[in-house]
Amino acid sequence: MNAFADYTFYTTIFGGTSIPASAFDALALKASYEVNRLTFGRAAKAMAAIPLNTEHANAIKMTTCAVAEEMKKFAGVTGTIRNIKSESVGDHSVSYLSMEEGKALQTQAITEVVNKYLEFTGLLCRWA
C-alpha cells in the first residue's frame, strides 16, 4: 500500500508545516495504514477506485495528513522519551506519562481526527 497523501498535498492543500519533508513519507505511510484500519479497509479501496471519488479522496488525504501530525506529536510519548505529565515548582517534582498512557492518548487523538475528517463519508460505518 502507498501513502494516501504526499508532501506537496500536505504543504499546499492541508497547509501543514510541522512535519519536515524528510520525515513525511514514513509518517504518511504509517498514518495511511491507521486510516485504512479505522475505515475497515475502505480507504484503500476508495483510493484505488477508478474513477476516483474526488470528495472521498480529498477527505482521506486530509485525514492522513492530520493523523501523521498526531503521530509526530506523540512520537516522544510512545517512544523512549516520555513527556511530562505534571510538574511542580516548589520542591521541584516532575512526573512523566507512562508508555501505556502515551499510547492510549495517541490512539484516542488519532480516532478523534479520523472521525472529524471522515464522519460524513460513510467510510466509518461498520456495516456498510
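Residues numbered from 1 in each chain as written. Predicted model: local features only at pLDDT ≥ 70, side-chain atom pairs only at ≥ 80, totals over all residues. Heavy atoms only, no water.

Student: When you look at the overall build of the protein in this model, what are you seeing that I'm missing?
Tutor: Helix and strand counts for the protein stand at six helices and two strands. In the protein, the order of α-helices and β-strands from amino to carboxyl end is α-α-α-α-α-β-β-α. When contacts within the protein are restricted to residue pairs at least 6 apart in sequence, long-range pairs at least 24 apart make up 67% of them. Put simply, the protein shows about 7800 Å² of open surface, and 56% of that area lies on carbon and sulfur atoms. (Helix = DSSP H or I, 4+ residues; strand = E, 2+ residues; numbered from the N terminus. Contact = heavy atoms within 4.5 Å. Areas by Shrake-Rupley, 256 points an atom, 1.4 Å probe, with all protein chains shown as cover.)

Student: Would you take a moment to explain the packing of helix α2 (residues 21–38) against helix α4 (residues 54–73) for this structure?
Tutor: The N-to-C vectors of α2 and α4 enclose an angle of 110°; their axes lie 8 Å apart at closest approach. In terms of axis orientation, α2 runs roughly perpendicular to α4. The hand of the α2/α4 crossing is right-handed. Within the contact between the two elements, α2 uses Phe-24, Leu-27, Ala-28, Lys-30, Ala-31, Ser-32, Glu-34 and Val-35 and α4 uses Thr-63, Thr-64, Cys-65, Val-67, Ala-68, Met-71 and Lys-72. Of the residues assigned to the contact of α2 with α4, the class counts are nine nonpolar, three polar and three charged. (Axes fitted to C-alpha atoms, helices over the stretch in contact; angles between N-to-C directions. Parallel < 35°, antiparallel > 145°, perpendicular 65-115°, else oblique. Left-handed = near helix turned anticlockwise from the far one by under 90°. Nonpolar A, V, L, I, M, F, W, Y, C, P; charged D, E, K, R; others polar.)

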